[in-house]
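Given next are the chains, with one letter for each unit.
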Amino acid sequence: MQEFYVLIAIIIILAILFVVGLRANNNAMMKYAEQIRNLSLPFCKFVGFRRYGRGFKALCIPKEGGLFSRIDVTLSLTWRENPLYYLLSPLTKDKDYILVWGSLTRRCPINIEICKESYLNKLKLDSNLEKIELSQLGMIVITDNLDKIRKFLDEIEESLLSSKDCIDSISIKESEGWVKIVARILDDSSIKNVFNLLIRSGQVIRESI
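Residues numbered from 1 in each chain as written. Predicted model: local features only at pLDDT ≥ 70, side-chain atom pairs only at ≥ 80, totals over all residues. Heavy atoms only, no water.

Asks: Describe the overall build of the chain, naming the residues involved and giving the relevant values.
Replies: The number of helices and strands found in the chain is four helices and nine strands. If you list the helices and strands of the chain from N to C, you get α-β-β-β-α-β-β-β-β-α-β-β-α. In terms of overall dimensions, the chain has a C-alpha envelope of 75 × 40 × 25 Å along the principal axes. Pairs at least 24 residues apart make up 61% of the contacts formed inside the chain by residues separated by at least 6 positions. For the chain, the exposed surface amounts to about 11900 Å²; the carbon and sulfur share of it is 54%. Within the chain, the 25 negative side-chain charges are centred at a point lying 6 Å from the centre of the 29 positive side-chain charges. (Helix = DSSP H or I, 4+ residues; strand = E, 2+ residues; numbered from the N terminus. Contact = heavy atoms within 4.5 Å. Areas by Shrake-Rupley, 256 points an atom, 1.4 Å probe, with all protein chains shown as cover. Lys, Arg positive; Asp, Glu negative; His and termini not counted. Charge placed at Lys NZ, Arg CZ, Asp CG, Glu CD.)

Below is the structure:
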């Protein structure tokens with residue numbers, strides 16, 4: 001009989017953790033959506049959201065004459081409703097992720113990949129591209145034009161420094177015409193830093209490269 005009560009107690013605890021986790025994820029999703037809306041509205045004429053998997057997608061349509069024709073956001077939440085999350089998160093360091101694609105109105109004339117060294121294995125890159133190590137940021141730059149990338153890095157340095165902890169990679173493809181940023185949400189400033197880096201990258205591409 002004692003084993004029965006222990007089993008019931010475990011089930012109740014797991015159910016409570018599940019409900020608490022669902023509520024925490026819902027609160028996080030609402031907070032992130034509000035941040036994205038507030039950051040986008042000053043330069044966008046439309047901002048819309050829809051549920052997607054373990055998070056949501058957002059579509060931001062900038063006003064005419066802007067740096068981007070559209071900005072797509074995908075946000076993925078971690079498994080807070082899984083009881084193991086609370087036991088393993090200190091070890092796995094799981095975080096919510098945000099992916100942002102900005103479709104440029106003026107294409108970048110070079111290819112750029114800026115990423116953490118630990119993220120490099122996830123990328124499929126041409127072995128002929130050249131590399132620069134940014135030791136102060138713990139990042140690697142891969143490009144097909146060293147002269148232009150140095151100017152680009154100088155111009156985005158401030159935005160890159162403020163976002164270096166949360167950014168996993170920044171990709172700019174000449175053939176596809178977008179800026180893509182992959183980042184972890186570490187604190188309340190992470191999404192703002194991602195958007196600032198996106199906008200600054202678009203400005204530099206339009207004005208300086």
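Asks: Provide a residue-level description of the pairing of strand β1 (residues 44-52), including the pertinent values.
Replies: Bridge count for β1 against strand β2 (residues 55-62) is eight bridges, and the pairing is antiparallel. In the sheet register, R51 faces β2, and the bridge partner there is F56. (Pairing = 2+ DSSP bridges.)

Asks: Please give an account of the pairing of strand β3 (residues 68-76) that cites residues and values.
Replies: Looking at chain direction, β2 and β3 are connected through six bridges and run antiparallel. When the bridges of β3 are listed, L59 appears paired with D72. Where β2 hands over to β3, the hairpin turn is made up of five residues, of which G65 adopts a positive phi near 85°. Sheet topology note: the β3/strand β4 (residues 96-104) ladder contains eight bridges and is antiparallel.

Asks: Give me the lowdown on the side chain of K116, citing residues and values where you can.
Replies: Residue position: K116 is located in strand β5 (residues 112-116). With no salt bridge to any partner, buried K116 finds its closest opposite charge in D168, at an N-O distance of 4.3 Å. In terms of polar contacts, K116 uses its side chain to reach the backbone carbonyl oxygen of K164, at 2.7 Å. Setting aside its immediate chain neighbours within four residues, K116 contacts G138, M139, K164, D165, C166, I167, D168 and R184. (Buried < 20%, exposed > 50% of the residue type's maximum accessible area, 1.4 Å probe, protein only. Salt bridge = Lys/Arg side-chain N within 4 Å of Asp/Glu carboxyl O. Polar contact = N/O pair within 3.5 Å; in protein donor to acceptor, adjacent residues only side chain to side chain.)

Asks: Requested: an account of the packing of aromatic side chains, with residues and values cited.
Replies: Inspection of the entire model under this criterion finds one aromatic pair. Taking 5.6 Å as the distance between ring centres and 75° as the angle between the ring planes, the aromatic pair formed by F49 and F56 counts as edge-to-face. Above the ring of Y52, the side-chain terminus of K57 is found at 4.3 Å from the ring centroid. (Phe/Tyr/Trp six-rings, centres within 6.5 Å; stacked < 30°, edge-to-face > 60°. Lys NZ or Arg CZ within 6 Å of the ring centre and 35° of its normal.)

Asks: Pulling in residues and values, what's your account of the packing of helix α3 (residues 146-163) against helix α4 (residues 190-207)?
Replies: Where α3 contacts α4, the two axes come as close as 9 Å, and the packing angle between them is 175°. Here α3 lies roughly antiparallel to α4, going by the angle between them. From α3, F152, E155, I156, S159, L160, S162 and S163 reach across to α4, where they touch N193, N196, L197, R200, S201, V204 and I205. Here the residues of the contact of α3 with α4 are counted per class, giving six nonpolar, six polar and two charged. (Axes fitted to C-alpha atoms, helices over the stretch in contact; angles between N-to-C directions. Parallel < 35°, antiparallel > 145°, perpendicular 65-115°, else oblique. Nonpolar A, V, L, I, M, F, W, Y, C, P; charged D, E, K, R; others polar.)

By themselves, these observations are geometric and do not establish any function.
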